[in-house]
Amino acid sequence: MMQNIEQKLISRINEHATPLRIMHVCGTHERTISKYAIRDIISEDVQLLSGPGCPVCVTPSKDIDFAIALARSGKVITSFGDMMRVPGTMGSLFDARSDGYDIRMVYSIDDAIKIAKDNPALDIVFFGIGFETTAPSNAAATLRGLPENFSIITSHKLMPPAMEILTQDTNVDGFLAPGHVSTIIGTDPYDPISEKGFPIVVTGFEVLDVLLSIAMVQDQIISGRSCVENAYPRCVNVEGNLKAREIMYHVFKKTDSNWRGIGMIENSGLALKKEFEQFDAVNVHADIYDKTSHEKRASEIEDHENDLYEGCICAEILTARAEPSQCPLFGRRCSPEDPVGPCMVSLEGTCYNWYKYTRNKGI
Amino acid sequence: MSKDKIVRMEHGAGGEAMQTLIRDVILKNITNRSAGLVGLDDLDDGATINIASNIHDSERSDEIVITTDSHVIKPPFFPDSNIGRLAVSGTVNDLAVMGAAPLALTCAMVVPEGFELDSFEKIIRSMNAAAEEVGVPIIAGDTKTVDRNGLDSIIINTTGIGIAYEVIRDCGLCPGDRIILTGTIGDHGISLLAHREGFDLNTDLVSDVAPLWNMIRSVIPIRTIEGKPAISAMKDPTRGGLAGALNEMAQKSGTGIIIDQKDLPIRGSVSSACEMLGIDPLEVANEGKAIICVKDENAEEVLSIIRKHEYGKDAAIIGEATDSNSGKVLMRTTIGSMRYVDTPTGDLIPRIC
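For every chain, the first residue of the written sequence is number 1, and numbering continues from 1 along that sequence. Each chain is given a letter, starting from A, and each ligand a number, starting from 1, according to the order in which they appear as written. Predicted model: local features are reported for residues with pLDDT of at least 70 only, side-chain atom pairs are reported and counted for 80 or more only, and whole-chain, interface and lining totals are derived from all residues. To get the side-chain values, take all heavy atoms of the structure and skip hydrogens and water.

In the annotation of an unreviewed UniProt entry, the entry for chain B reads Hydrogenase expression/formation protein HypE, and the organism field reads Methanococcoides alaskense.

As named in an unreviewed UniProt entry, chain A is Hydrogenase expression/formation protein HypD, taken from Methanococcoides alaskense.

Draft legend 1. View of helix 7 (residues 268-277) of chain B. Residues and elements named next belong to chain B. All buried positions along helix 7 are accounted for by Ser269, Val270, Ala273, Cys274 and Leu277. For helix 7, the angular spread of buried residues about the axis comes to 130°, placing them on one side. Those residues of helix 7 that are exposed and angled more than 90 degrees off the buried face are Gly268 and Met276. Structurally, helix 7 contributes buried residues whose contacts are with helix 4 (187-197). Working definition: helices are DSSP H or I runs of at least four residues, strands are E runs of at least two. Numbering for both runs from the N terminus. Remark: Gly278 follows helix 7 within two positions and exhibits a positive phi of approximately 70°. Any residue under 20% of the maximum accessible area for its type is buried, any over 50% is exposed, and the rest in between are partly exposed; the area is computed with a 1.4 Å probe on protein chains only. Relevant arc is that of directions from the helix axis to the C-beta atoms, nothing else. We call two residues in contact when some of their heavy atoms are within 4.5 Å.

Draft legend 2. View of the pattern of salt bridges. One side-chain nitrogen of Lys or Arg within 4 Å of one carboxyl oxygen of Asp or Glu is enough to make a salt bridge. Applying the stated criterion across every chain, the model contains 41 salt bridges over all chains. Note that Lys243(A) is salt-bridged to Glu246(A), the shortest N-O span being 3.9 Å. Note that Lys243(A) and Glu246(A) are positioned in helix 12 (residues 242-251) at a spacing of 3 residues, about one turn of the helix. Residue Lys243(A) is classed as exposed on the basis of its relative accessible area, which comes to 53%. In this structure Glu246(A) comes out as exposed when scored by relative accessible area, which is 52%. The closest approach of N and O atoms between Arg333(A) and Asp338(A), which form a salt bridge, is 3.7 Å. The class for Asp338(A) is partly exposed, based on a relative accessible area of 31%. Beyond isolated ion pairs, a larger network of salt bridges with shared partners links Asp45(B), Asp170(B), Lys235(B), Glu248(B) and Lys252(B).

Draft legend 3. Up close: the domain arrangement of chain B. All domain edges in this entry derive from an automatic or database-based domain assignment. Domain boundaries assigned for chain B yield domain 1 (1-31), domain 2 (39-164) and domain 3 (178-340). On a C-alpha basis, the centroid separation for the pair domain 1 of chain B and domain 3 of chain B is 27 Å.

Draft legend 4. Quick look at the sheet that holds strand 10 (residues 256-260) of chain B. Residue and element names in this part refer to chain B. Pairs of strands are assigned from DSSP output, requiring at least two bridges between the strands. Strand order across the open sheet formed by 7 strands is 9-11-8-12-10-13-14, with mixed pairing between neighbours. The open sheet is flanked by strand 9 (231-235) and strand 14 (338-340), the only strands paired with a single partner. Taken pair by pair, the neighbouring strands of this sheet meet at an average axis angle of 25°, ignoring direction. Here strand 8 (residues 178-181) runs beside strand 11 (residues 291-294); their pairing, made up of 4 bridges, is antiparallel. For Leu181, the partnering residue across the bridge sits in strand 11 and is Ile291. Interaxial angle, 0 to 180 degrees, is taken between N-to-C directions of lines fitted to C-alpha atoms, where a helix line uses only the stretch in contact.

Right under this line is the structure:
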């Protein structure tokens, strides 16, 4: 039978299989891997680990609580869909919406700005989350000028600092780098990591992209190399999108940032610069922010260090020190219908994808 | 927590939350739940009322089939169609997948104050056109208006009465049966989402909403060599999509189902839009498609008849029922691996990046 290119890559990966731990740091990669059951079809020796690549999963509960507190005080919260179900300590944004507060799903900051312009009497707050992929469009909108009744919760995260941390803490041999993030940052920021001896292959999201990048990491390991390679040249180049980064850093500055389940990572987040502070929700609604920070939060969050509910092992999942099936809550107390941990909520969450596509397969 | 004490959007979204609500609140509090072969407990597309068996032909036992559905859709006008065509098609299809010829429809509408009369008339005309297509009269109705603050768009309920000589269930699937899907998946849900959110998909994708009785009628009489009905089960994959409908059929029938990704009819535009939005096309609603499960020996015959029909030209055999993996749906992917096809959890939520 004639093999297609995917099957040729699978054969090749399996023929050269040696014990190897490859981590991706992108929720969409996890989705492709799970949807195509790639872990089942390649050798068990080649382990595909899931890193902290889901922006919703790593958003700290404090930011969610702040958004809900704002909604409770009469502001309109606008948010991307997959943030809606993530529980903070006071439930999720969806819960708050069911309680009657004004929470609206948007597809971009522009939708939120339109709501603000159409409703000048309302206070609109946009929940700005995401990696280097969403930050530039939020920055561009800010530069174009925001309505007076508009503010942003900036919960953006930067990927390379998190990868650096993982090379220290996690047993990993190489990385698949995220295609979307890399269209913005290019491939240069990965050099310091590859120089430490970790092969890195930037790749896209089709099943073919993922299989090709696995084979490329494998090749580097076999030949004893570690460099940054690009398996996604149709979208990514070495320098990335200079214009997008220029706009992003015109509006935002790097700041230390708290990753849910991981903790504080130096220079891994973005904050609005001083000259845009009139749009920073933390500044505009400082009274509510301070109250949320000081209130005795965490009625149910037991694991304060990791910002998680008791028994939830999302911290280990996000850093690939455990697989979802090792979690006592997985599929029992915690499911997409009623998630306990953030990794079960998002379409890009590791637990969600395992639950959705690999649970109880019994093949 | 408030979470458990109030109705949430998920309770009406066709996923597990809705099943729980139906089981624990509705079924529990209604004592008389059956008037024939299929009752409320069966949670099928409709129910049946047993009338005296046909005195001229003791082999046949006609059943009256009844179904009802309330339609709310934002916006009420969407690419190539509107809520009127949807309300009639949805009910005709619920009858059709139970093997029932539509006899009559009723229609109850709740209209908010301020709704444009022109739009209202367009909706009624579309209802009529869909009903004419399958020759079903609309014989009773009710119209209420409410304060515009209480409702922001029109709600249409249609009830359909049909007659089936042999009721086809969604639980009749047997191992070895082949599964036919009558056309491309996701057209309705994705065209609606793109229209509502203003995404330009660079295509002329439109909703597939259509009444399917004329197509389904043509395959119901087909028999096996032994003279048994060729069709073992049917369902229309509306809310919850193909994934929801197949899971329900597998669970109710006590079989497994394996489908082949390479055989799934799907338009390129739907496939790319789903990739972009992080939506699984298997979970997207269809309004003009049916899943028809047939005995292996009749599969090609049924397929070729379906394909001759305007609404069935993209039909394909997408999989089969199995002994193993009872109650579960698996998909053989294009790279040869197997993955689980889960019951959708509720509203489709596009991802951010």
